[in-house]
Amino acid sequence: MLLEVRDLVIDYRATRGRVRAVDGVNFNVPAGAVVGVVGESGCGKTTAVRAITRVMPSSAVFAEGSITLEGEDIVQMSDREMRKHLWRDIAYVPQSAMNALDPVWRVGKQIEEVLVGRGGMTKKAARARSEELFAMVGLEAKRLRDYPHQFSGGMRQRASIALALALSPKLVIADEPVTALDVVIQRQVLDTFTELQKQLNLSVILVTHDISVVAYVCDYVVVMYAGKVVESGPVADVLDNPGHPYTMGLYNAFPELGGEDRELSPIEGSPPDLLNPPKGCRFRARCPFAIDACLQDPPEHTIGEGHVANCHRAGEAGELREIAKRTETWVGVTSE
Ligand SMILES: Nc1ncnc2c1ncn2[C@@H]1O[C@H](COP(=O)(O)OP(=O)(O)OP(=O)(O)O)[C@@H](O)[C@H]1O
């Protein structure tokens, strides 16, 4: 296993109090696999995956757990040790390409800086490598002289992927890499990314709120809700046989990328405030299948090989799935 996240708990010290953004999260990233982390905004996805880079806001506190990269615990590393791994072993593509690229520098210069400063390359070698990286992501070498604002959104995202790949990392963490793009461009960028992933045998963690992106590119999926993992497993099994009503709801809420039209139904309401999360199942208030037992913490239920869901009713998932497909199931549910 390339990366193992175990019982990870991360708090933010906020003026309102301590916000537990990640609450006991577990997942694995096998070498060469693409793992999707999916959930609505505010569910703790970014916090959980940023923790792997240890580049966190100063208010963030690692409260518990471990993140093991090839046997070494990232949480316990000194800043100096951690710096050795960034870019070389782990690279991060942030939510907006504008966060990866500095607007005042030519794009090529920014890539060269990583290659020379972090990778110890000569300027000449860095220039050749930058051209190679641009070719890999489908950009012309002459565009290395451009500034980020001269690029379209899709090109900027390609450039930030090139930047992440500069020092041939083993693991790329891409946070909502295509969210700001229109659907056609989304597919093109995802196709390039997937080709590179296969060609370079990269391990990827892809964060998204859009389960159709997960269906399109991922091998495994981790579904997060209100700081916790509610379901995880191989993508095909989780999407064909979801065991948690939240996964069923997310699937109904997004159109398939390039797939056939089907009726969409949003999950009403929004995730709870993590300053004071509800007891028991955190999805209870928005769940059409909630029962009294849901006031207690949900048990882990095995649905298939490597596929688990944390839900009191996961044993009845087969019947619930059929009911969940009807749009009226999701209307007027919110109870809090
Ligand atoms: N710097 C911070 N200080 C305090 N609270 C924070 C901070 N960053 C995030 N949070 C809180 O932590 C929780 C999880 O946020 P996080 O950004 O990890 O979620 P997310 O699922 O990635 O959402 P998004 O897609 O909007 O980034 C939220 O309740 C958020 O308000």
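As annotated in an unreviewed UniProt entry, the chain carries the name ABC transporter ATP-binding protein and is attributed to Harenicola maris. Looking at the Sequence similarities (unreviewed entry) heading of the UniProt record, one finds this comment for the chain: "Belongs to the ABC transporter superfamily." According to the UniProt record, the Subcellular location (unreviewed entry) comment for the chain reads "Cell inner membrane".

Trainee: I tried to follow the site of the ligand on my own but got confused; where do I start?
Mentor: In the region of the ligand, 14 residues are neighbours, and Ser41, Gly42, Lys45, Thr46 and Thr47 sit closest. Within the side chain of Lys45, a nitrogen or oxygen atom sits 2.9 Å from an oxygen atom of the ligand. It is helix H1 (residues 45-50) that provides the largest number of residues to the shell around the ligand, a total of three residues. In terms of residue class, the shell around the ligand is made up of five nonpolar, seven polar and two charged.

Trainee: What is the right way to read the environment of Glu300 from this model?
Mentor: Residue position: Glu300 is located in strand E11 (residues 300-304). Glu300 sits 10 residues away from Ala290 along the chain, and the two C-alpha atoms are 16 Å apart. Not counting residues up to four positions away in its chain, the partners in contact with Glu300 are Val308, Ala309 and Asn310.

Trainee: I keep staring at the pattern of salt bridges and nothing clicks. Help me out?
Mentor: Scanning all chains against the criterion turns up 16 salt bridges. For Asp273, the salt bridge is made with Arg16, and the minimal N-O distance between the two is 3.0 Å. Linking Asp273 in the loop between helix H10 (245-253) and E11 with Arg16 in the loop between strand E1 (3-14) and strand E2 (17-29), this pair joins segments that are 257 residues apart in sequence. Relative accessible area serves as the criterion here: at 40%, Asp273 is assigned to the partly exposed category. Note that Glu316 is salt-bridged to Arg313, the shortest N-O span being 2.7 Å. In this structure Arg313 comes out as buried when scored by relative accessible area, which is 17%. Overlapping salt bridges bring together Asp11, Arg18 and Arg20 as one network.

Trainee: What is the right way to read the sheet that holds strand E12 (residues 307-310) from this model?
Mentor: Whenever strands of a sheet pair, they do so through backbone hydrogen bonds, lying parallel or antiparallel. Here we have eight strands laid out as an open sheet, ordered E6-E7-E8-E3-E9-E10-E12-E11, and mixed in their pairing. Two strands lie at the open edges of the sheet, namely strand E6 (90-93) and E11, each paired on one side alone. Recorded for the sheet is a direction-independent mean angle of 20° between the axes of neighbouring strands.

Trainee: Teacher, can you tell me more about the pairing of strand E7 (residues 171-175) here?
Mentor: Looking along a regular strand, one sees side chains alternate from face to face of the sheet. In terms of burial, E7 is a largely internal element, five of the five residues being buried. Of the two faces of E7, the one holding Leu171, Ile173 and Asp175 and the one holding Val172 and Ala174 are both buried throughout. Where E6 and E7 come together, four bridges link them in parallel fashion. Bridge pairing in E7 links Tyr92 to Ile173. Here E7 pairs with strand E8 (residues 203-208) via five bridges, running parallel. Looking at E8, one finds that Ala174 is bridged to Leu206. In this region the chain leaves E7, passes through helix H7 (residues 183-200) and returns to the parallel neighbour E8; the handedness of that crossover is right-handed.

How each quantity is defined
Residues numbered from 1 in each chain as written. Predicted model: local features only at pLDDT ≥ 70, side-chain atom pairs only at ≥ 80, totals over all residues. Heavy atoms only, no water. UniProt positions renumbered as here; feature names shortened; annotations may be inferred. Near = heavy atom within 4 Å. Polar contact = N/O pair within 3.5 Å; in protein donor to acceptor, adjacent residues only side chain to side chain. Helix = DSSP H or I, 4+ residues; strand = E, 2+ residues; numbered from the N terminus. Nonpolar A, V, L, I, M, F, W, Y, C, P; charged D, E, K, R; others polar. Contact = heavy atoms within 4.5 Å. Salt bridge = Lys/Arg side-chain N within 4 Å of Asp/Glu carboxyl O. Buried < 20%, exposed > 50% of the residue type's maximum accessible area, 1.4 Å probe, protein only. Pairing = 2+ DSSP bridges. Axes fitted to C-alpha atoms, helices over the stretch in contact; angles between N-to-C directions. Right-handed = clockwise from strand over helix to strand, strands pointing away.

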